[in-house]
Amino acid sequence: MALDSAVEAHMRTLNRLRLSQGGWIRERQVLILAIATLLLRLDRNPVAVGKRYQLAVSAPASETARVAGLPGVEAASPRYEVNAADSFDLGELFSLIAYPGDHTRFEAPPLAEGRRIHGPDEIEVGLGLAQVLSLHPGATLAAQLPDGRETRFRVVGVVHALERQGRVAYAQPQRLEGVALPEIAVRVRPGTSTAVVRR
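Residues numbered from 1 in each chain as written. Predicted model: local features only at pLDDT ≥ 70, side-chain atom pairs only at ≥ 80, totals over all residues. Heavy atoms only, no water.

Asker: Looking at this structure, how should I read the overall build of the protein?
Answerer: A tally of regular secondary structure across the protein gives five helices and nine strands. Reading the protein from its N end, one meets helices and strands in the order α-α-β-α-β-β-β-β-α-β-β-β-β-α. Taken across its 199 residues, the protein has 39% of its residues classed as buried. In the protein, the proportion of contacts linking residues at least 24 apart, taken out of those at least 6 apart, comes to 69%. Entry remark: accessible area of the protein is about 11500 Å², with carbon and sulfur atoms responsible for 56%. (Helix = DSSP H or I, 4+ residues; strand = E, 2+ residues; numbered from the N terminus. Buried < 20%, exposed > 50% of the residue type's maximum accessible area, 1.4 Å probe, protein only. Contact = heavy atoms within 4.5 Å. Areas by Shrake-Rupley, 256 points an atom, 1.4 Å probe, with all protein chains shown as cover.)

Here it is, written out as structure tokens:
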């Protein structure tokens, strides 16, 4: 019964909007603007796309300890990201994301298969990237970096990443030196507002 009355109320609302063709156009425009606004908010909010950090600070890696010592900060780490291309198919672009050590403290998309990375020659790839390039644990990903260098990684894991339709890869930063400028990923203590840390 409650469902029927909710459907009837929704239909009455739609009928009011339908009174003119202009109403339908305005309704669609409002919907498109709402979706665009949501997508922009999601793009600027690390937590919204499955990240475990709340803030990203534009600062050199040498500032990580200072940022980690700020009131309200639980943890901080340099985070590197570059746009790379598959060396065999330069049209296939992906984000190469790197943290020193264990990236799962800051970004931990669930594993679909394989395991987490343990060294600088290993990589976890997003499911979207794995599908388009036919990658699986044991395969090799040859990445063309923005400076023209190629670097190769052994795929050890495939992850369910949300951003860029899963066309991402996680590695350690040693092979990205000189190519990627870091930002500092910041995890805020539970109960602390990000506004407090931003000051």
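Asker: It is not clear to me how the nonpolar core should be interpreted in this structure. Could you clarify?
Answerer: One broad trend across soluble globular proteins is that nonpolar side chains are buried collectively. Core analysis: the biggest nonpolar cluster contains 24 residues, and Leu 96, Ile 123, Val 125, Leu 135 and Leu 141 have the highest contact counts within it. Only β2 (73-86), β3 (89-98), β5 (122-126), α4 (127-133), β6 (140-144), β7 (150-159) and β8 (168-171) provide two or more residues apiece to this core. Dropping the residues within four chain positions of it, Val 125 is found in contact with Ala 130, Leu 135, Leu 141, Val 155, Gly 157, Val 158, Val 159, Val 168 and Ala 169. Counting ten residues, the second-largest nonpolar core is a separate cluster that includes Ile 97, Phe 106, Ala 161 and Val 168. (Core = buried A, V, L, I, M, F, W, Y, C linked by side-chain atoms within 4.5 Å.)

Asker: Honestly, the pattern of salt bridges in this entry has me stumped. Any pointers?
Answerer: When the charged atoms of two side chains lie near each other, side chains of opposite charge can form a pair. One pass over the structure, following the stated rule, counts eleven salt bridges. A salt bridge links Arg 79 to Glu 107; the nearest nitrogen and oxygen atoms lie 2.6 Å apart. Remark: Glu 107 occurs in the loop between β3 and β4 (111-114) and Arg 79 occurs in strand β2; sequence separation between them is 28 residues. Each of the two residues, Arg 79 as well as Glu 107, counts as buried. The salt bridge involving Arg 154 is made with Glu 122; its shortest N-O contact spans 3.0 Å. Here Glu 122 lies in strand β5 and Arg 154 lies in strand β7, a separation of 32 residues in the sequence. Salt bridges here are not isolated pairs; linked through shared partners, they connect Arg 79, Glu 81, Glu 107 and Glu 183. (Salt bridge = Lys/Arg side-chain N within 4 Å of Asp/Glu carboxyl O.)

Asker: I'm lost on the pairing of β7 in this one. Help?
Answerer: Along a regular strand, successive side chains alternate from one face of the sheet to the other. Of all ten residues in β7, seven are buried, a share of seventy percent or more. In the sheet, β4 pairs with β7 via three bridges, with the strands oriented antiparallel. For Glu 113, the partnering residue across the bridge sits in β7 and is Val 158. Strand direction decides the pairing type here: β5 and β7, joined by five bridges, are parallel. Paired with Val 125 across the strands is Val 158, a residue of β7. Bridging between β6 and β7 involves five bridges; their strand directions are antiparallel. Counterpart to Ala 143 in the pairing with β7 is Thr 151. Hairpin connection, β6 to β7: the antiparallel pair is bridged by five residues, and Gly 148 has positive phi, about 95°. (Pairing = 2+ DSSP bridges.)

Asker: Sorry, what's going on with the pairing of strand β9 (residues 183-188) here?
Answerer: Direction of pairing for strand β1 (residues 55-57) relative to β9: antiparallel, over a ladder of three bridges. Following the sheet pairing, Ala 56 is matched in β9 by Ala 185.

Asker: For this particular structure, what's the right way to read the packing of aromatic side chains?
Answerer: To describe a pair of aromatic rings, you give the distance between the ring centres and the angle between the ring planes. Following the criterion strictly, the structure yields one aromatic pair and no others. Taking 5.6 Å as the distance between ring centres and 10° as the angle between the ring planes, the aromatic pair formed by Tyr 99 and Phe 106 counts as stacked. Accessibility classification places Tyr 99 together with Phe 106 in one group, the buried group. Cation over ring: Arg 175 sits above Phe 153, and NZ or CZ is 5.0 Å from the ring centre. (Phe/Tyr/Trp six-rings, centres within 6.5 Å; stacked < 30°, edge-to-face > 60°. Lys NZ or Arg CZ within 6 Å of the ring centre and 35° of its normal.)

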